[in-house]
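Listed below, chain by chain, are the residues.
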Amino acid sequence: DCTGKSLLRPPSSLPSNITGLDLSFNSLVVPRHRTLLMHFPSLRSLNLSSNALLALGPEVFSNLGALHLLDLSSCSIAHLHTDTFQGLGNLHTLLLRNNNLRELESPFFLPLKALFHLDLQHNALGSVDAWSLQLMEAVPEVQLEGNPWVCDCTVYPLQQWLRRRQAEDLTCASPPRLQGREVTALDSQDLGCRIKQRFPRVVSTAQQTTVTHSNTTTPPTGKGGRSWPYLVGFLVAAIGISILIALAAKCKLFHKNLASYRHRPLPDTNSIGGSPMEDGSSWDRGSSGRGASKSHPMPGAADLQAEDDDGFIEDNYIQPSEQLAE
(Lines give C-alpha, C1' and ligand atoms only; values in the text may rest on other atoms or scores of the structure.)
Protein backbone atom coordinates (compact mmCIF):
# COMPACT_ATOMS: atom_id res chain seq x y z
CA ASP A 1 0.00 0.00 0.00
CA CYS A 2 1.75 3.12 -1.27
CA THR A 3 -1.25 5.41 -1.35
CA GLY A 4 -0.91 9.14 -0.68
CA LYS A 5 2.90 9.26 -0.59
CA SER A 6 3.37 12.03 -3.20
CA LEU A 7 5.46 9.61 -5.24
CA LEU A 8 6.72 10.58 -8.69
CA ARG A 9 7.62 6.98 -9.56
CA PRO A 10 7.07 3.58 -7.98
CA PRO A 11 9.55 2.85 -5.15
CA SER A 12 12.43 0.62 -6.23
CA SER A 13 12.67 -1.01 -2.80
CA LEU A 14 9.51 -3.07 -3.30
CA PRO A 15 9.96 -6.83 -3.86
CA SER A 16 9.55 -7.92 -7.47
CA ASN A 17 7.20 -10.81 -6.66
CA ILE A 18 4.33 -8.75 -5.24
CA THR A 19 0.87 -9.44 -6.73
CA GLY A 20 -1.03 -6.33 -5.55
CA LEU A 21 0.07 -2.67 -5.55
CA ASP A 22 -1.85 0.49 -4.59
CA LEU A 23 -0.26 3.71 -5.89
CA SER A 24 -3.38 5.89 -5.72
CA PHE A 25 -3.30 9.59 -4.75
CA ASN A 26 0.27 10.16 -5.80
CA SER A 27 1.95 12.30 -8.48
CA LEU A 28 3.25 9.59 -10.73
CA VAL A 29 4.85 10.58 -14.02
CA VAL A 30 4.24 8.20 -16.87
CA PRO A 31 7.34 7.49 -18.96
CA ARG A 32 6.88 8.13 -22.67
CA HIS A 33 9.02 5.39 -24.21
CA ARG A 34 9.09 2.64 -21.59
CA THR A 35 6.78 0.79 -19.28
CA LEU A 36 5.57 2.20 -15.99
CA LEU A 37 6.33 -0.81 -13.81
CA MET A 38 9.22 -2.74 -15.26
CA HIS A 39 10.15 -4.78 -12.18
CA PHE A 40 6.78 -6.23 -11.15
CA PRO A 41 5.83 -8.97 -13.63
CA SER A 42 3.72 -10.86 -11.07
CA LEU A 43 1.21 -8.08 -10.42
CA ARG A 44 -2.42 -9.12 -10.57
CA SER A 45 -3.96 -5.94 -9.17
CA LEU A 46 -2.77 -2.37 -9.80
CA ASN A 47 -4.43 0.81 -8.51
CA LEU A 48 -3.25 4.03 -10.15
CA SER A 49 -6.35 6.12 -9.40
CA SER A 50 -6.15 9.83 -8.57
CA ASN A 51 -2.84 10.38 -10.32
CA ALA A 52 -2.58 13.13 -12.93
CA LEU A 53 -1.57 10.79 -15.73
CA LEU A 54 -3.34 12.90 -18.43
CA ALA A 55 -2.33 10.62 -21.31
CA LEU A 56 -1.09 7.06 -21.56
CA GLY A 57 1.43 6.15 -24.22
CA PRO A 58 1.68 2.89 -26.18
CA GLU A 59 2.55 -0.35 -24.39
CA VAL A 60 2.96 1.37 -21.03
CA PHE A 61 1.69 -1.81 -19.28
CA SER A 62 3.12 -4.36 -21.73
CA ASN A 63 5.23 -6.18 -19.09
CA LEU A 64 2.21 -6.87 -16.82
CA GLY A 65 0.85 -9.91 -18.61
CA ALA A 66 -0.58 -11.41 -15.41
CA LEU A 67 -2.62 -8.30 -14.50
CA HIS A 68 -6.33 -8.91 -13.80
CA LEU A 69 -7.45 -5.54 -12.39
CA LEU A 70 -6.34 -2.07 -13.47
CA ASP A 71 -7.80 1.03 -11.83
CA LEU A 72 -7.19 4.29 -13.73
CA SER A 73 -10.05 6.27 -12.20
CA SER A 74 -9.79 10.04 -11.66
CA CYS A 75 -6.52 10.40 -13.54
CA SER A 76 -7.65 13.26 -15.83
CA ILE A 77 -7.01 11.00 -18.83
CA ALA A 78 -8.13 12.73 -22.02
CA HIS A 79 -6.60 10.40 -24.60
CA LEU A 80 -5.85 6.70 -24.90
CA HIS A 81 -3.34 5.51 -27.46
CA THR A 82 -4.47 2.63 -29.62
CA ASP A 83 -1.71 0.43 -28.10
CA THR A 84 -2.03 1.64 -24.49
CA PHE A 85 -3.23 -1.74 -23.23
CA GLN A 86 -1.05 -3.88 -25.46
CA GLY A 87 0.08 -7.01 -23.60
CA LEU A 88 -2.86 -7.12 -21.15
CA GLY A 89 -4.45 -10.21 -22.61
CA ASN A 90 -5.52 -11.48 -19.17
CA LEU A 91 -7.07 -8.23 -17.91
CA HIS A 92 -10.47 -8.85 -16.34
CA THR A 93 -11.49 -5.41 -14.98
CA LEU A 94 -10.63 -1.96 -16.35
CA LEU A 95 -11.80 1.11 -14.41
CA LEU A 96 -11.69 4.42 -16.31
CA ARG A 97 -14.34 6.39 -14.45
CA ASN A 98 -14.06 10.13 -13.68
CA ASN A 99 -11.72 10.98 -16.54
CA ASN A 100 -11.94 13.36 -19.50
CA LEU A 101 -12.36 10.90 -22.35
CA ARG A 102 -14.31 12.54 -25.17
CA GLU A 103 -14.16 9.66 -27.62
CA LEU A 104 -13.17 6.04 -27.70
CA GLU A 105 -10.67 4.93 -30.29
CA SER A 106 -11.93 1.51 -31.22
CA PRO A 107 -8.62 -0.35 -31.57
CA PHE A 108 -7.68 0.11 -27.92
CA PHE A 109 -10.24 -2.61 -27.06
CA LEU A 110 -8.61 -5.19 -29.32
CA PRO A 111 -5.79 -6.45 -27.00
CA LEU A 112 -8.25 -6.95 -24.11
CA LYS A 113 -9.38 -10.45 -25.03
CA ALA A 114 -10.42 -11.46 -21.49
CA LEU A 115 -12.08 -8.18 -20.43
CA PHE A 116 -15.24 -8.74 -18.38
CA HIS A 117 -15.94 -5.39 -16.68
CA LEU A 118 -15.40 -1.94 -18.23
CA ASP A 119 -16.24 1.22 -16.28
CA LEU A 120 -16.49 4.43 -18.32
CA GLN A 121 -18.77 6.39 -16.00
CA HIS A 122 -18.52 10.16 -15.64
CA ASN A 123 -16.30 10.96 -18.60
CA ALA A 124 -16.94 13.48 -21.39
CA LEU A 125 -18.42 11.04 -23.89
CA GLY A 126 -21.15 12.52 -26.07
CA SER A 127 -21.47 9.54 -28.42
CA VAL A 128 -19.85 6.21 -29.20
CA ASP A 129 -19.12 5.04 -32.73
CA ALA A 130 -20.63 1.84 -34.04
CA TRP A 131 -17.29 -0.03 -34.19
CA SER A 132 -16.57 0.60 -30.50
CA LEU A 133 -20.05 -0.60 -29.64
CA GLN A 134 -19.48 -3.73 -31.69
CA LEU A 135 -16.27 -4.47 -29.83
CA MET A 136 -17.97 -3.83 -26.50
CA GLU A 137 -20.52 -6.50 -27.35
CA ALA A 138 -17.95 -9.03 -26.15
CA VAL A 139 -17.67 -7.31 -22.72
CA PRO A 140 -20.42 -8.60 -20.41
CA GLU A 141 -20.43 -5.58 -18.07
CA VAL A 142 -20.11 -2.04 -19.43
CA GLN A 143 -20.96 1.09 -17.44
CA LEU A 144 -21.58 4.33 -19.35
CA GLU A 145 -23.66 6.37 -16.92
CA GLY A 146 -22.89 9.99 -16.11
CA ASN A 147 -21.62 11.04 -19.55
CA PRO A 148 -23.04 14.11 -21.33
CA TRP A 149 -24.81 12.22 -24.09
CA VAL A 150 -25.87 14.30 -27.07
CA CYS A 151 -29.26 13.01 -28.10
CA ASP A 152 -29.21 13.62 -31.82
CA CYS A 153 -28.93 11.21 -34.70
CA THR A 154 -25.36 10.23 -33.68
CA VAL A 155 -26.68 8.53 -30.53
CA TYR A 156 -28.89 6.16 -32.53
CA PRO A 157 -26.32 3.26 -32.60
CA LEU A 158 -25.92 3.57 -28.83
CA GLN A 159 -29.69 3.51 -28.39
CA GLN A 160 -29.98 0.27 -30.33
CA TRP A 161 -27.01 -1.20 -28.43
CA LEU A 162 -28.67 -0.42 -25.07
CA ARG A 163 -31.93 -1.99 -26.20
CA ARG A 164 -30.22 -5.20 -27.32
CA ARG A 165 -28.29 -5.58 -24.07
CA GLN A 166 -31.15 -4.40 -21.87
CA ALA A 167 -28.56 -2.35 -20.00
CA GLU A 168 -29.15 0.44 -17.52
CA ASP A 169 -30.63 3.36 -19.37
CA LEU A 170 -28.72 6.57 -20.03
CA THR A 171 -30.05 10.12 -19.87
CA CYS A 172 -29.59 12.95 -22.33
CA ALA A 173 -27.54 16.04 -21.47
CA SER A 174 -28.35 17.94 -24.65
CA PRO A 175 -30.16 19.41 -26.52
CA PRO A 176 -32.05 21.29 -23.80
CA ARG A 177 -35.46 20.08 -24.94
CA LEU A 178 -34.37 16.46 -24.31
CA GLN A 179 -32.28 17.02 -21.22
CA GLY A 180 -32.98 14.35 -18.61
CA ARG A 181 -34.84 12.10 -21.07
CA GLU A 182 -33.90 8.44 -21.28
CA VAL A 183 -32.04 7.53 -24.47
CA THR A 184 -33.95 4.32 -25.17
CA ALA A 185 -37.32 6.11 -24.85
CA LEU A 186 -36.63 8.45 -27.76
CA ASP A 187 -37.81 7.87 -31.32
CA SER A 188 -36.30 9.00 -34.61
CA GLN A 189 -38.25 12.26 -34.60
CA ASP A 190 -36.93 13.14 -31.14
CA LEU A 191 -33.38 12.45 -32.30
CA GLY A 192 -33.87 14.56 -35.42
CA CYS A 193 -33.05 11.69 -37.76
CA ARG A 194 -34.35 12.20 -41.27
CA ILE A 195 -34.95 8.65 -42.38
CA LYS A 196 -35.24 8.53 -46.18
CA GLN A 197 -38.48 6.92 -47.30
CA ARG A 198 -39.19 5.83 -50.81
CA PHE A 199 -42.84 6.82 -50.59
CA PRO A 200 -43.37 9.51 -47.93
CA ARG A 201 -46.81 9.66 -46.42
CA VAL A 202 -47.43 13.41 -46.64
CA VAL A 203 -45.67 15.48 -49.31
CA SER A 204 -46.80 18.84 -50.61
CA THR A 205 -47.25 19.52 -54.32
CA ALA A 206 -44.17 21.75 -54.44
CA GLN A 207 -42.10 19.08 -52.70
CA GLN A 208 -43.36 16.43 -55.11
CA THR A 209 -42.31 18.60 -58.06
CA THR A 210 -38.88 19.19 -56.55
CA VAL A 211 -38.33 15.53 -55.76
CA THR A 212 -39.44 14.46 -59.25
CA HIS A 213 -37.19 17.04 -60.90
CA SER A 214 -34.21 16.03 -58.80
CA ASN A 215 -34.82 12.35 -59.46
CA THR A 216 -34.93 12.87 -63.21
CA THR A 217 -32.03 15.28 -63.57
CA THR A 218 -29.61 14.10 -60.94
CA PRO A 219 -27.51 11.15 -62.12
CA PRO A 220 -27.45 8.18 -59.77
CA THR A 221 -24.48 7.93 -57.51
CA GLY A 222 -22.60 5.03 -56.07
CA LYS A 223 -22.07 1.62 -57.46
CA GLY A 224 -25.54 1.42 -59.07
CA GLY A 225 -25.01 4.73 -60.88
CA ARG A 226 -21.78 3.58 -62.44
CA SER A 227 -23.12 0.22 -63.61
CA TRP A 228 -26.39 1.16 -65.33
CA PRO A 229 -24.76 2.23 -68.68
CA TYR A 230 -23.18 -1.22 -68.93
CA LEU A 231 -26.54 -2.87 -68.30
CA VAL A 232 -28.23 -0.78 -70.99
CA GLY A 233 -25.44 -1.54 -73.45
CA PHE A 234 -25.72 -5.25 -72.75
CA LEU A 235 -29.49 -5.22 -73.32
CA VAL A 236 -29.15 -3.28 -76.59
CA ALA A 237 -26.48 -5.67 -77.86
CA ALA A 238 -28.58 -8.71 -76.94
CA ILE A 239 -31.66 -7.32 -78.70
CA GLY A 240 -29.63 -6.42 -81.82
CA ILE A 241 -28.10 -9.88 -82.03
CA SER A 242 -31.55 -11.47 -81.64
CA ILE A 243 -32.93 -9.34 -84.48
CA LEU A 244 -30.03 -10.24 -86.79
CA ILE A 245 -30.47 -13.95 -86.08
CA ALA A 246 -34.20 -13.69 -86.81
CA LEU A 247 -33.58 -11.85 -90.09
CA ALA A 248 -31.00 -14.42 -91.18
CA ALA A 249 -33.43 -17.24 -90.46
CA LYS A 250 -36.22 -15.50 -92.32
CA CYS A 251 -34.04 -14.87 -95.40
CA LYS A 252 -32.93 -18.49 -95.52
CA LEU A 253 -36.52 -19.70 -95.24
CA PHE A 254 -37.62 -17.25 -97.95
CA HIS A 255 -35.00 -18.46 -100.42
CA LYS A 256 -35.87 -22.05 -99.68
CA ASN A 257 -39.57 -21.48 -100.30
CA LEU A 258 -38.83 -19.47 -103.47
CA ALA A 259 -36.69 -22.27 -104.87
CA SER A 260 -39.31 -24.91 -104.07
CA TYR A 261 -41.98 -22.98 -105.98
CA ARG A 262 -39.99 -22.46 -109.20
CA HIS A 263 -42.11 -24.86 -111.35
CA ARG A 264 -42.84 -25.09 -115.05
CA PRO A 265 -46.13 -26.40 -116.45
CA LEU A 266 -46.03 -29.75 -118.22
CA PRO A 267 -46.51 -29.86 -121.95
CA ASP A 268 -49.99 -30.53 -123.11
CA THR A 269 -50.82 -34.23 -123.19
CA ASN A 270 -52.02 -33.96 -126.76
CA SER A 271 -48.64 -32.71 -127.92
CA ILE A 272 -46.92 -35.53 -126.02
CA GLY A 273 -49.15 -38.06 -127.81
CA GLY A 274 -48.30 -36.58 -131.21
CA SER A 275 -51.50 -34.65 -131.91
CA PRO A 276 -51.69 -33.27 -135.38
CA MET A 277 -52.67 -29.89 -133.89
CA GLU A 278 -49.08 -29.45 -132.55
CA ASP A 279 -46.65 -27.33 -134.56
CA GLY A 280 -45.04 -29.40 -137.26
CA SER A 281 -41.57 -28.16 -136.47
CA SER A 282 -41.59 -29.77 -133.03
CA TRP A 283 -42.26 -33.34 -134.02
CA ASP A 284 -41.36 -35.47 -136.96
CA ARG A 285 -44.49 -36.17 -139.06
CA GLY A 286 -42.81 -38.87 -141.09
CA SER A 287 -43.38 -42.52 -140.95
CA SER A 288 -40.25 -43.01 -138.85
CA GLY A 289 -41.64 -40.73 -136.21
CA ARG A 290 -44.95 -42.57 -136.14
CA GLY A 291 -43.18 -45.86 -135.94
CA ALA A 292 -41.08 -44.76 -133.04
CA SER A 293 -44.22 -43.53 -131.38
CA LYS A 294 -45.86 -46.91 -131.81
CA SER A 295 -42.88 -48.84 -130.55
CA HIS A 296 -42.45 -46.59 -127.50
CA PRO A 297 -45.88 -45.49 -126.39
CA MET A 298 -45.99 -42.27 -124.48
CA PRO A 299 -47.66 -42.19 -121.04
CA GLY A 300 -51.20 -41.04 -120.99
CA ALA A 301 -52.70 -38.09 -119.11
CA ALA A 302 -54.01 -40.34 -116.35
CA ASP A 303 -50.52 -41.65 -115.65
CA LEU A 304 -49.07 -38.16 -115.49
CA GLN A 305 -51.85 -37.03 -113.20
CA ALA A 306 -51.11 -39.91 -110.80
CA GLU A 307 -47.49 -38.96 -110.54
CA ASP A 308 -48.09 -35.28 -109.69
CA ASP A 309 -51.52 -34.13 -108.62
CA ASP A 310 -50.88 -30.44 -109.09
CA GLY A 311 -49.91 -30.71 -112.70
CA PHE A 312 -46.49 -29.20 -112.13
CA ILE A 313 -43.11 -30.78 -111.80
CA GLU A 314 -39.73 -29.31 -110.91
CA ASP A 315 -37.19 -28.63 -113.66
CA ASN A 316 -34.54 -30.91 -112.29
CA TYR A 317 -36.69 -34.03 -112.71
CA ILE A 318 -37.86 -33.79 -116.41
CA GLN A 319 -36.14 -31.46 -118.78
CA PRO A 320 -38.14 -30.37 -121.86
CA SER A 321 -35.19 -30.94 -124.16
CA GLU A 322 -34.99 -34.57 -123.09
CA GLN A 323 -38.77 -34.93 -123.57
CA LEU A 324 -38.56 -33.57 -127.11
CA ALA A 325 -35.59 -35.71 -128.03
CA GLU A 326 -37.39 -38.82 -126.83
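Before going into details, it helps to say that this report is about the structure given with it. Since the structure is predicted, the reported quantities are computational estimates derived from the model, not experimental observations.

1. Concerning the state of the cysteines
And then number 1: Across all of its chains, the model carries one disulfide by this definition.
And then number 2: The disulfide partner of cysteine 151 is cysteine 172, and the gap between their sulfur atoms is 1.8 Å. Given an S-S torsion of about -95°, the disulfide between cysteine 151 and cysteine 172 has left-handed geometry. Pair noted here: cysteine 151 is in the loop between β9 (149-150) and α2 (156-165) and cysteine 172 is in strand β10 (residues 172-174), with a separation of 21 residues, a long-range link. Residue cysteine 151 shares its accessibility class with cysteine 172, and that shared class is buried.

2. Observations concerning the sheet that holds strand β2 (residues 45-47)
And then number 1: Strand order in the open sheet formed by six strands is β1-β2-β4-β6-β7-β8, and the pairing between neighbours is parallel. The open sheet is flanked by β1 (20-22) and β8 (141-143), the only strands paired with a single partner. Taken over all neighbouring pairs, the strand axes of this sheet differ in orientation by 0° on average, direction set aside.
And then number 2: As defined by bridge partners, strand β6 (residues 93-95) adjoins strand β7 (residues 117-119) across three bridges and the pair is classed as parallel. Bridge pairing in β7 links threonine 93 to histidine 117.

3. Overview of the environment of phenylalanine 25
And then number 1: Position of phenylalanine 25 among the secondary structure elements: in the loop between β1 and β2.
And then number 2: Distance in space between the C-alpha atoms of phenylalanine 25 and lysine 5 is 7.5 Å, their sequence separation being 20 residues.
And then number 3: In this structure phenylalanine 25 touches Thr3, Gly4, Lys5, Ser6, Ser49, Ser50 and Asn51, once residues within four positions along its chain are discounted.

4. Considerations on the packing of aromatic side chains
And then number 1: Tallied over the full model, the rule gives three aromatic pairs.
And then number 2: When the ring of phenylalanine 61 is compared with that of phenylalanine 85, the centres are 6.4 Å apart and the planes differ by 10°; the resulting orientation is stacked. Taken as a pair, phenylalanine 61 in the loop between β3 (55-56) and β4 (69-71) and phenylalanine 85 in the loop between β5 (79-80) and β6 lie far apart in primary sequence, 24 residues in all.
And then number 3: For phenylalanine 61, a relative accessible area of 1% translates into the label buried.
And then number 4: Relative accessible area serves as the criterion here: at 0%, phenylalanine 85 is assigned to the buried category.
And then number 5: One aromatic cluster in this structure is built from Phe61, Phe85, Phe108 and Phe109.

About the cut-offs
Residues numbered from 1 in each chain as written. Predicted model: local features only at pLDDT ≥ 70, side-chain atom pairs only at ≥ 80, totals over all residues. Heavy atoms only, no water. Disulfide = S-S within 2.5 Å. Helix = DSSP H or I, 4+ residues; strand = E, 2+ residues; numbered from the N terminus. Buried < 20%, exposed > 50% of the residue type's maximum accessible area, 1.4 Å probe, protein only. Pairing = 2+ DSSP bridges. Axes fitted to C-alpha atoms, helices over the stretch in contact; angles between N-to-C directions. Contact = heavy atoms within 4.5 Å. Phe/Tyr/Trp six-rings, centres within 6.5 Å; stacked < 30°, edge-to-face > 60°.

Treat this as a map of the structure, not an account of what it does.
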